[in-house]
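# Structural features, examined
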Amino acid sequence: MPLRSSYPPSKLDMASSMKTLLHDESRYFKSFNMFLDRSNEHECIQVFIDEILPGELASIGDGKCSFNILGVGSGAGAVDLQMLSKLQLKYPGASINNEIVEPSSDQIHNYKVLVAKTPNLENVSFNWNKMTSSEYENHVKENKENKTFDFIHMIQMLYYVSDPAATIKFFHSLLGPKGKLLIILVSGTGGWSHLWKTFKHQLCLSEFSQDITIQDIKEYLDSTGLKYQHYDLPSYVDITECFTEGDKNGELLMDLLTETYEFSKTAPPDLKAEIMSFLRQPECTTEKDGKIIFNSTMGAIVVEP
């Protein structure tokens, strides 16, 4: 087991001006895009969509000619459209109502731009909700909506809710009789898990569940008796630049790894040194051809109704 950080939260609160990366949306997306550029995350998810998802979608049809889809935290929509294309291939000519829950105006704009230039979406209608998942939940309950969905996906978004179990319970309740809920998060055995479980008290600077992993979700589902399928999604990110002092790309990557705004500038020197050293441990990284490769393996869970 990795050693826990020796720095109590109170000392860090006094010694630094650390803020959550969510404090600055622009910085967050710069960091996130840098991470995507240095990782194979999208390729990894694409393999899942190409090889696993069609089989999971095969059972939601049952003679249906129209489908209701819900994306929670869909971002700019690239992954959504990939999944929609698989649904279209599985059910040619079916009409699809695609509902999106996304709190960022910029991401919704980018999603709409992507839809406008993507062919073969004639049978797909889009409804964007500029809301967080909790705002959407309140909206549904206040308006007593009883709409159900054939497929709901929550990809890399449960880190940003305060109660993941309650969030899953609500969205699972929206599934139709043969619907499925897809959840993708970091693995419970990869570098993310080791880093965040070790430095949780120093890095969790918001009320959200930033240290949650797919293992936590499995344990919750097991406790409820819900049936699900689990898939490992091996992935990695090159974080070599993080170890060059003053490297702007490395600083952006460190911001995302720690979910801390301007981590390299605001973290106490001792904490920064401890985390940089921790990232070189085999629980987090391997070295290959002079590059430092962070284990960012994910897991996917498909929950039954």
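Preceding this paragraph is the structure being described.
Residues numbered from 1 in each chain as written. Predicted model: local features only at pLDDT ≥ 70, side-chain atom pairs only at ≥ 80, totals over all residues. Heavy atoms only, no water.

### Brief notes about the overall build of the chain
The condition is simple: Every helix listed is a DSSP run of H or I at least four residues long, and every strand listed is a run of E at least two residues long, numbered separately from the N terminus. With the radius of gyration taken over C-alpha atoms, the globule rule is written as 2.2 Å times the number of residues to the power 0.38. When accessible area is computed with a 1.4 Å probe and restricted to protein chains, residues below 20% of their type maximum are described as buried, those above 50% as exposed, and intermediate ones as partly exposed. Between two residues, a contact is recorded if the distance between any of their heavy atoms is within 4.5 Å. To be clear on the numbers: accessible area is Shrake-Rupley with a 1.4 Å probe, and residue cover counts the displayed protein chains and nothing else. The charged-residue count follows a simple rule in which Lys and Arg add positive charge and Asp and Glu add negative charge, with His and chain termini not counted at all. Where a charge lies is defined by one atom per residue type, namely NZ (Lys), CZ (Arg), CG (Asp) and CD (Glu).
Scanning the chain from N- to C-terminus turns up 14 helices and 10 strands. Here the C-alpha atoms of the chain give a radius of gyration of 20 Å, agreeing with the 19 Å that 2.2 N^0.38 yields for 305 residues. Across its three principal directions, the C-alpha atoms of the chain cover 60 × 40 × 35 Å. By residue count, 52% of the 305 residues in the chain fall in the buried class. Restricting to contacts in the chain with at least 6 residues of sequence separation, those with at least 24 account for 81%. Surface exposure of the chain reaches about 14,300 Å², of which carbon and sulfur atoms provide 50%. The average position of the 28 basic charges and that of the 41 acidic charges among the side chains of the chain differ by 2 Å.

### Comments concerning the pairing of strand E4 (residues 149-155)
Working note: regular strand, side chains alternate between the two faces of the sheet. So the rule is basically this: We treat two strands as partners when DSSP finds at least two bridges between them. By convention a crossover is right-handed if, when the strands point away from the viewer, the path from the first strand over the helix to the second runs clockwise.
Across the 7 residues that make up E4, a large majority, 7, are buried. Note that strand E1 (residues 66-72) and E4 share 3 bridges and pair parallel. When the sheet's bridge partners are listed, isoleucine 69 is paired in E4 with phenylalanine 151. In the sheet, E4 pairs with strand E5 (residues 175-186) via 6 bridges, with the strands oriented parallel. Each residue of the ladder has a partner; that of isoleucine 152, found in E5, is leucine 181. The parallel pair E4 and E5 is bridged by helix H8 (residues 164-173), and the resulting crossover is right-handed.

### Points about the side chain of serine 296
Position of serine 296 relative to the elements: it lies in the loop between strand E9 (291-295) and strand E10 (298-303). Beyond its immediate stretch of four places on either side in the chain, serine 296 contacts Phe35, Trp192, Ser235, Tyr236 and Val237.

### A word on the packing of aromatic side chains
Stated formally: Pairing of aromatic rings covers Phe, Tyr and Trp, the last counted by its six-membered ring, and requires centre-to-centre distances within 6.5 Å; plane angles under 30 degrees mean stacked, over 60 mean edge-to-face, and any other angle means tilted.
In this structure the tally under the stated criterion is 14 aromatic pairs. With 6.2 Å between their ring centres and 70° between their planes, tyrosine 111 and phenylalanine 126 make a pair best called edge-to-face. Residue tyrosine 111 is located in helix H6 (residues 105-116), and its partner phenylalanine 126 is located in strand E3 (residues 124-129); the two are separated by 15 residues in the primary sequence. Just as tyrosine 111 is buried, phenylalanine 126 falls in that class too. Ring geometry for tryptophan 192 and phenylalanine 294: centres 5.4 Å apart, planes at 85°, overall edge-to-face. In this pair, tryptophan 192 sits in helix H9 (residues 191-198) while phenylalanine 294 sits in strand E9, placing the two residues 102 residues apart along the sequence. Taken as a pair, tryptophan 192 and phenylalanine 294 share a single burial class, namely buried.

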